[in-house]
Amino acid sequence: ELYYDRGNHHEFVSLVKDLARPGEFTQSQTFDFEFTHVEKPYESYTGQNVKLRYFLRATVSRRLNDVVKEMDIVVHTLSTYPELNSSIKMEVGIEDCLHIEFEYNKSKYHLKDVIVGKIYFLLVRIKIKHMEIDIIKRETTGTGPNVYHENDTIAKYEIMDGAPVRGESIPIRLFLAGYELTPTMRDINKKFSVRYYLNLVLIDEEERRYFKQQEVVLWRKGDIVRKSMSHQAAIASQRFEGTSSHTEAKTPSQPAENNGRQ
């Protein structure tokens with residue numbers, strides 16, 4: 001759902017099942033349904049200009065007007081640890097005034113990770129009074145000439161308060177778990193993207209700002225080992241059947257495979 005294009009919803013997954021034949025409801029009824037092996041390619045997301053949502057919709061078709069009820073489902077996409085995760089190291093500055101070298105230990109971080117780095121001052125000829133690092137989320141929606149960019153500062157973390165001297169090294173340790181972050185999203189369904197940047201900001205005594213942005217990739221780490229879909233479906237089926245009917249107890253001499261369930 002693009003907020004600037006209200007009324008037009010872009011569906012990327014749609015599955016429909018009929019639960020009952022035409023007729024009348026005279027009493028409460030229960031209808032079982034199942035959607036197996038549904039592809040959920042994107043993570044749920046609510047941003048400044050776009051919302052990506054998964055939901056169940058139940059519709060009772062009537063002659064005059066339909067009865068519709070929706071229930072949202074949150075989907076998280078889990079990733080594995082990236083094999084190539086090089087550090088970020090850059091030198092920036094102003095000629096004959098300021099020259100610094102900054103380094104971040106990685107370029108890809110999971111959402112509960114810690115950003116470790118350092119700032120090294122090679123030349124300081126301006127009176128710096130404050131330095132901070134910001135986490136900026138940039139949301140891009142639309143295509144072609146109708147592209148909208150929304151920048152949101154997620155965090156401001158003070159690194160230094162006071163004037164540094166040449167040769168000084170300032171450490172960085174920023175914990176991501178305390179902030180509301182999402183994984184990096186690139187060209188989702190050709191509708192929007194979400195990117196994150198680390199913004200190093202220096203402020204001098206005359207309130208002039210010097211900054212350098214560097215993009216980092218965020219990803220969601222799985223806390224548990226994921227089992228196969230077929231195994232998960234078998235377990236769910238066993239639990240559901242166990243609540244709706246009584247099963248026979250096995251005797252010690254009866255092998256597990258003869259019971260029809262594992």
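Computed from a predicted structure; not experimentally measured.

(A) Seen up close, the overall build of the protein chain. Along its length, the protein chain carries one helix and 14 strands. Burial analysis of the protein chain (262 residues in total) assigns 29% to the buried set. Relative to all contacts within the protein chain whose residues are 6 or more apart in sequence, the contacts with residues 24 or more apart total 59%. Carbon and sulfur atoms make up 48% of the accessible area of the protein chain, which totals about 18,700 Å².

(B) Examining the pattern of salt bridges more closely. Tallied over the entire structure, the rule returns 11 salt bridges. Of the charged contacts, one joins Glu207 and Lys129 as a salt bridge, the two residues approaching to 2.3 Å between their closest N and O atoms. Of the two residues, Glu207 is situated in the loop between β13 (192-204) and β14 (209-219) and Lys129 in strand β9 (residues 128-141); the sequence distance between them amounts to 78 residues. Taken together, the shared-partner salt bridges in this structure form one network comprising Glu1, Arg53, Arg57, Glu70 and Asp72.

(C) Summary view of the pairing of strand β10 (residues 148-161). Here β9 pairs with β10 via 12 bridges, running antiparallel. Counted as the bridge partner of Arg138 is Asn151 from β10. Linking two consecutive strands that pair antiparallel, namely β9 and β10, is a turn of six residues; a positive phi of about 85° is found at Gly142 within it.

(D) The arrangement of the packing of aromatic side chains in detail. Scanning the entire structure with this criterion turns up six aromatic pairs. Here the aromatic rings of Tyr45 and Phe192 are separated by 5.5 Å at their centres, their planes lie at 15°, and the arrangement is stacked. Of this pair, Tyr45 sits in strand β1 (residues 45-46) while Phe192 is found in strand β13, placing the two residues 147 residues apart along the sequence. Both residues of the pair, Tyr45 and Phe192, count as buried.

(E) Expanded view of unusual backbone geometry. A positive phi angle, near 50°, is found at Asn189, a position not held by glycine. Within the secondary structure, Asn189 is located in the loop between β12 (185-188) and β13. A positive phi is found at Glu207, a non-glycine position, where the angle reads about 65°.

(F) Quick peek at the nonpolar core. One finds Tyr104, Ile119, Phe121, Met131, Leu200 and Leu202 to be the most contacted residues of the largest nonpolar core, which totals 41 residues. If one sorts the elements of this core by residue count, β13 sits on top with six residues. Ignoring sequence-local partners within four residues, the contact set of Leu200 consists of Ile100, Phe102, Tyr104, Ile119, Met131, Glu132, Ile159, Tyr210, Phe211 and Lys212.

(G) Quick peek at the side chain of Asp113. By the element assignment, Asp113 lies in the loop between β7 (108-110) and β8 (114-124). The buried category is assigned to Asp113, whose relative accessible area is 10%. Side chain to side chain, Asp113 and Lys106 meet in a polar contact 2.6 Å long. Setting aside anything within four residues of it in sequence, one finds Asp113 in contact with Lys106, Lys108, Leu174, Phe175, Leu176 and Ala177.

(H) Inspection of the side chain of Lys137 at higher detail. Mapped onto the elements, Lys137 comes out in strand β9. Look at Lys137: it is buried, it has no salt bridge, and the nearest opposite charge is Asp152 at 4.8 Å. Engagement of the side chain of Lys137 in a polar contact is seen with the side chain of Tyr45, the distance being 3.5 Å. Apart from the residues within four sequence positions on either side, Lys137 is in contact with Tyr45, Glu150, Asn151, Asp152, Ile154, Val194, Arg195 and Tyr196.

(I) Representation of the sheet that holds strand β11 (residues 169-175). Across the sheet, which stays open at both edges, the four strands sit in the order β5-β6-β8-β11 with antiparallel pairing between neighbours. Every interior strand has two partners, whereas the edge strands, β5 (88-94) and β11, have only one. Taken over all neighbouring pairs, the strand axes of this sheet differ in orientation by 20° on average, direction set aside. Alignment of β8 against β11, held across seven bridges, turns out to be antiparallel. Following the sheet pairing, Val116 is matched in β11 by Arg173.

(J) Structural context of the confidence of the model for the protein chain. Per-residue confidence for the protein chain gives a mean pLDDT of 83, with 85% of residues at or over 70. Ignoring residues within four places in sequence, the model shows residues 243-262, a span with pLDDT below 50, making seven contacts including any to other chains.

(K) Just a nonpolar patch on the surface, in detail. A surface patch of nonpolar side chains, about 440 Å² in accessible area, is lined by Val13, Leu15, Leu19, Phe33 and Phe35. Relative accessible area serves as the criterion here: at 34%, Val13 is assigned to the partly exposed category.

Calculation criteria
- Residues numbered from 1 in each chain as written.
- Predicted model: local features only at pLDDT ≥ 70, side-chain atom pairs only at ≥ 80, totals over all residues.
- Heavy atoms only, no water.
- Helix = DSSP H or I, 4+ residues; strand = E, 2+ residues; numbered from the N terminus.
- Buried < 20%, exposed > 50% of the residue type's maximum accessible area, 1.4 Å probe, protein only.
- Contact = heavy atoms within 4.5 Å.
- Areas by Shrake-Rupley, 256 points an atom, 1.4 Å probe, with all protein chains shown as cover.
- Salt bridge = Lys/Arg side-chain N within 4 Å of Asp/Glu carboxyl O.
- Pairing = 2+ DSSP bridges.
- Phe/Tyr/Trp six-rings, centres within 6.5 Å; stacked < 30°, edge-to-face > 60°.
- Core = buried A, V, L, I, M, F, W, Y, C linked by side-chain atoms within 4.5 Å.
- Polar contact = N/O pair within 3.5 Å; in protein donor to acceptor, adjacent residues only side chain to side chain.
- Lys, Arg positive; Asp, Glu negative; His and termini not counted.
- Axes fitted to C-alpha atoms, helices over the stretch in contact; angles between N-to-C directions.
- pLDDT = per-residue confidence, 0-100.
- Patch = residues over 30% accessible without salt bridge, like charges linked within 9 Å, V, L, I, M, F, W, Y side chains within 5 Å.

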